[in-house]
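What follows is the residue order along each chain.
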Amino acid sequence: MGRLTWQAATVVGARWETPRVRSLVLDAGAWPGHRAGQHVDVRLTAEDGYTAQRSYSIASAPEEPTVTLTVERLDDGEVSPYLVDEAMPGDRLELRGPIGGHFVWCPDDPSPLQLLAGGSGVVPLMAMLRARAGLASPPPAILLLSSRTADDIIYRDELAALARREEGPRVVHTLTRSAPPGWEGRTGRYDAAALAELALPLSTRPLTYVCGPTAFVESMASLLTGLGHPPGRVRTERFGATGG
Ligand SMILES: Cc1cc2nc3c(=O)[nH]c(=O)nc-3n(C[C@H](O)[C@H](O)[C@H](O)COP(=O)(O)OP(=O)(O)OC[C@H]3O[C@@H](n4cnc5c(N)ncnc54)[C@H](O)[C@@H]3O)c2cc1C
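The structure presented is a predicted model; accordingly, all values stated were derived computationally and were not measured.

1. What about the site of the ligand?
Next up, step 1: Surveying the vicinity of the ligand reveals 23 residues, the closest of which are Ser55, Tyr56, Asp76, Val79 and Ser80.
Next up, step 2: Take Glu78: an N or O atom from its main chain is 2.9 Å from an oxygen atom of the ligand.
Next up, step 3: Bound to the protein, the ligand loses 68% of the 980 Å² it would expose on its own.
Next up, step 4: Sorting the residues of the shell around the ligand by element identifies strand 4 (51-57), strand 5 (67-72), helix 1 (80-86) and strand 12 (234-238) as the ones contributing at least two each.
Next up, step 5: At four residues, strand 4 tops the list of elements feeding residues into the shell around the ligand.
Next up, step 6: Of the residues that constitute the shell around the ligand, the class distribution is eight nonpolar, nine polar and six charged.

2. Let's talk about the sheet that holds strand 1 (residues 6-18)
Next up, step 1: Strand order in the open sheet made by the six strands is 4-3-6-1-2-5, with antiparallel pairing throughout. The open sheet terminates on both sides in strands that have one partner only, identified here as strand 4 and strand 5. Along the sheet, successive strands turn relative to each other by an average axial angle of 40°, direction set aside.
Next up, step 2: Of the strand pairs in this sheet, strand 3 (residues 39-45) and strand 6 (residues 92-99) are connected by four bridges, and their pairing is antiparallel. Of the residues in strand 6, the one forming a bridge with His39 is Ile99.

3. Re the environment of Leu145
Next up, step 1: Secondary-structure assignment places Leu145 in strand 8 (residues 141-147).
Next up, step 2: Under the relative-accessibility criterion, Leu145 is labelled buried at 0%.
Next up, step 3: With 57 residues separating them along the chain, Leu145 and Met88 place their C-alpha atoms 29 Å apart.
Next up, step 4: Residue contacts for Leu145: discarding those within four places in its chain leaves Ala117, Gly119, Val122, Ile153, Ile154, Leu159, Val172, His173, Thr174 and Tyr190.

4. Overview of unusual backbone geometry
Next up, step 1: With an omega dihedral of 5°, the bond running from Gly97 to Pro98 counts as a cis peptide bond.
Next up, step 2: Within the element layout of this structure, Pro98 appears in strand 6.
Next up, step 3: One non-glycine residue, Tyr155, adopts positive backbone phi at about 60°.
Next up, step 4: When you line up the elements, Tyr155 lands in the loop between strand 8 and helix 3 (156-164).
Next up, step 5: Taking relative accessible area as the criterion, Tyr155 reaches 2% and is therefore assigned buried.

5. Notes on helix 2 (residues 122-133)
Next up, step 1: Its 12 residues place the ends of helix 2 16 Å apart at the C-alpha level, agreeing with the 16 Å of an ideal helix rising 1.5 Å per residue.
Next up, step 2: Of all 12 residues in helix 2, 11 are buried, a share of seventy percent or more.
Next up, step 3: Within helix 2 the residues assigned to the buried category are Val122, Val123, Pro124, Leu125, Met126, Ala127, Met128, Leu129, Arg130, Ala131 and Arg132.

Basis of the calculations
Counting restarts for each chain, with residues numbered from 1 along the sequence as it is written. Only residues with pLDDT of at least 70 get local features here, since the model is predicted, and only at 80 or more are side-chain atom pairs given and counted; chain-wide, interface and lining totals rely on the full set of residues. Hydrogens and water are ignored here; the side-chain numbers use all heavy atoms of the structure. Note on definitions. A residue lies near a molecule or strand when any single heavy atom of the residue is within 4 Å of it. Distance and chemistry together define a polar contact, namely a pair of N or O atoms within 3.5 Å, with one atom able to donate a hydrogen and the other to accept it when in protein, and with adjacent residues in sequence counting only for side-chain atoms on both sides. Here the accessible surface of atoms and residues is derived via Shrake-Rupley with a 1.4 Å probe, and residues count as covered only by protein chains that are part of the display. Secondary structure elements follow DSSP: runs of H or I no shorter than four residues count as helices, runs of E no shorter than two count as strands, and numbering proceeds from the N terminus. We call Asp, Glu, Lys and Arg charged. Ala, Val, Leu, Ile, Met, Phe, Trp, Tyr, Cys and Pro are nonpolar, and the rest, Gly among them, are polar. A pair of strands is considered paired only if DSSP assigns at least 2 bridges between the two. Each axis is a line fitted through C-alpha atoms, taken for helices only over the stretch in contact, and angles between the N-to-C directions span 0 to 180 degrees. In this scheme, a residue with accessible area under 20% of its type's maximum is buried, one over 50% is exposed, and one in between is partly exposed, where area comes from a 1.4 Å probe on protein chains only. In what follows, residue pairs with any heavy atoms lying within 4.5 Å of each other are defined as contacts. For a helix, the expected span equals 1.5 Å multiplied by the number of residues minus one.

Here it is as structure tokens:
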């Protein structure tokens, strides 16, 4: 792969996923294409020349002509409040990427796909599910998504629609802070008992991707390896701060 350079991208669409999370659709011009699970660096430049850059996973499937990012607003953050609340169609920013060679899913891999996400960690996993939805014979797949409240579930309707499809993924939600009346999903954090119940059988040799805040990723990865999943089959991506 050649050296990555910054390239201009234009916001061509935006949609709210939750009250704190917005997807931005970008026209990145001569985009080289990406693999499901990769991320980009985004650079913003202020009028006085000050720049800030952060990493964001790519949410769109590789075959889509535009690049979609899904950003959660951290109220005390520097970059995410701008991307969530202020970026408008027509605005320009810079992208560098795609980046990442380990946390990628190859649609040719027939292994059952096991996806675990905490909050916005669902973004690169959604790229995998979107890519999977385009396959004629997709491998079995399960997504375990942990959100704080029902209003915080990112891609809620799209995930429900995918799950309803024949050969759609199984989607299991848990809510860690509060659940609305009539909530039929799980509550509380995924723990050893929950994973023992939900994880795909070891005999099927699932390939697992775990993404989210560092504490979520570390706890899920150690629970999975404790259940016997080989560490080499559990890939992780941490959404730690990437300020610069
Ligand atoms: C590979 C990768 C992929 C990612 N993908 C996504 C994604 O798809 N969607 C998404 O929403 N996020 C993603 N992230 C996270 C993203 O890169 C940013 O970290 C996030 O948006 C916060 O940026 P910010 O500028 O708003 O916050 P920042 O200004 O960076 O602040 C982040 C937090 O750190 C605290 N903080 C900042 N500076 C200090 C300091 N000096 N001391 C103590 N605390 C401090 C802030 O108070 C805040 O709570 C990803 C990260 C990585 C590494």
